[in-house]
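# Fold and contact review
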Amino acid sequence: MPAQPASRVPDEAQQPPDEPLWCKHCDTDQHLSVDSIQSHYPPLPNVVDVTYECNACRYSYEHTASIQRVALVLNRPGVTPGVLQFGGQFLHCGEPMKTQSHELRRIQCLLALGPRPSEQLYETCINTRILGCHCGFRMEIPD
Ligand SMILES: [Zn+2]
Ligand SMILES: [Zn+2]
């Protein structure tokens with residue numbers, strides 16, 4: 001019979017505890033609002049330092065959590081998985097994404113005005129921003 005591996009994955013001990021954002025006082029995460037999100041030091045993939053407050057009992061908390069944990073509370077629909085939106089900032093891999101370039105996009109839309117919609121194509125220009133993460137992930141958002 002093969003012997004059991006003597007050691008576990010050594011990296012596991014290096015990972016900070018990934019605790020859920022939770023109000024221990026109210027025993028729920030229903031009333032939490034995130035105050036700040038900062039890059040963890042030393043930088044770790046998908047890990048941030050988060051401070052948040054419970055709106056019900058006014059307790060404040062601060063600890064290290066994964067992006068996924070924070071996203072559960074921020075719970076913003078429409079944001080790409082793995083990306084955290086906080087205020088005007090987007091985070092990926094636990095770090096704020098940097099603006100790489102600005103683009104001017106032309107979009108065409110069909111405008112239906114009045115009781116008898118006319119099938120006319122209108123062209124609009126919108127400014128967008130390309131955000132990039134050091135891992136190579138990129139996304140485009142309207143500016
Ligand atoms: Zn509470
Ligand atoms: Zn990334």
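Above: the structure in question.
Throughout what follows, the structure given in this document is the object of discussion. Because the structure is predicted, anything quoted here is derived from the model rather than measured.

## Side note on the pattern of salt bridges
Any two side chains of opposite charge can pair, given that their charged atoms come close. Within this structure, the stated rule accounts for four salt bridges. A salt bridge links Glu 53 to Arg 58; the shortest N-O distance between them is 2.4 Å. Note on Glu 53: relative accessible area 17%, which makes it buried. You can call Arg 58 exposed: its relative accessible area is 54%. The shortest N-O distance in the salt bridge between Asp 143 and Arg 129 comes to 3.1 Å. Placement of Asp 143 in the segment after strand S9 (138-142) and of Arg 129 in strand S8 (residues 120-132) is noted, with a sequence separation of 14 residues between them. The exposed category is assigned to Asp 143, whose relative accessible area is 56%.

## Here we look at the coordination of the zinc ion (ligand 2)
Here the zinc ion (ligand 2) is held by the protein donor atoms His 92 (ND1), Cys 93 (SG), Cys 133 (SG) and Cys 135 (SG), which lie 2.0 to 2.4 Å from it. Taken together, the four donor atoms coordinating the zinc ion (ligand 2) span angles of 105 to 113 degrees at the metal, a pattern that classifies the geometry as tetrahedral. On the primary sequence, the residues serving as donors to the zinc ion (ligand 2) are separated as H-C-x39-C-x1-C. Placement of the pair is His 92 in strand S5 (residues 89-92) and Cys 135 in the loop between S8 and S9, with a sequence separation of 43 residues.

## With respect to unusual backbone geometry
Note that the residue after Tyr 41, namely Pro 42, is joined by a cis bond; omega there is -5 degrees. For Pro 42, the location among the structural elements is in the loop between strand S1 (32-39) and strand S2 (47-54). At Asp 27, a position not held by glycine, the phi torsion is positive, near 55 degrees. Along the polypeptide, Asp 27 turns up in the segment before S1. In the Ramachandran plot, Arg 58 falls in the positive-phi region, its phi being about 70 degrees despite a non-glycine side chain. Tracing the backbone shows Arg 58 in the loop between S2 and strand S3 (60-66).

## A closer look at the coordination of the zinc ion (ligand 1)
Protein coordination at the zinc ion (ligand 1) comes from Cys 23 (SG), Cys 26 (SG), Cys 54 (SG) and Cys 57 (SG), with a distance range of 2.2 to 2.3 Å. Note that the zinc ion (ligand 1) binds four donor atoms; their angles at the metal cover 102 to 114 degrees, and the shape is tetrahedral. Every donor residue of the zinc ion (ligand 1) comes from the same chain, spaced as C-x2-C-x27-C-x2-C. Residue Cys 26 is located in the segment before S1, and its partner Cys 57 is located in the loop between S2 and S3; the two are separated by 31 residues in the primary sequence.

## As for the packing of aromatic side chains
One pass over the full model with this rule turns up two aromatic pairs. Relative to Tyr 61, the ring of Tyr 52 lies with its centre 5.4 Å away and its plane at 20 degrees, an arrangement referred to as stacked. In this pair, the class of Tyr 52 matches that of Tyr 61, namely buried.

Reading the values: the criteria
- Residues numbered from 1 in each chain as written.
- Chains lettered and ligands numbered in written order.
- Predicted model: local features only at pLDDT ≥ 70, side-chain atom pairs only at ≥ 80, totals over all residues.
- Heavy atoms only, no water.
- Salt bridge = Lys/Arg side-chain N within 4 Å of Asp/Glu carboxyl O.
- Buried < 20%, exposed > 50% of the residue type's maximum accessible area, 1.4 Å probe, protein only.
- Helix = DSSP H or I, 4+ residues; strand = E, 2+ residues; numbered from the N terminus.
- Donors = N, O, S within 2.8 Å, 3.2 Å for Na, K, Ca; no water.
- Tetrahedral: all angles 85-135°; square planar, octahedral: opposite > 155°, others 65-115°.
- Phe/Tyr/Trp six-rings, centres within 6.5 Å; stacked < 30°, edge-to-face > 60°.

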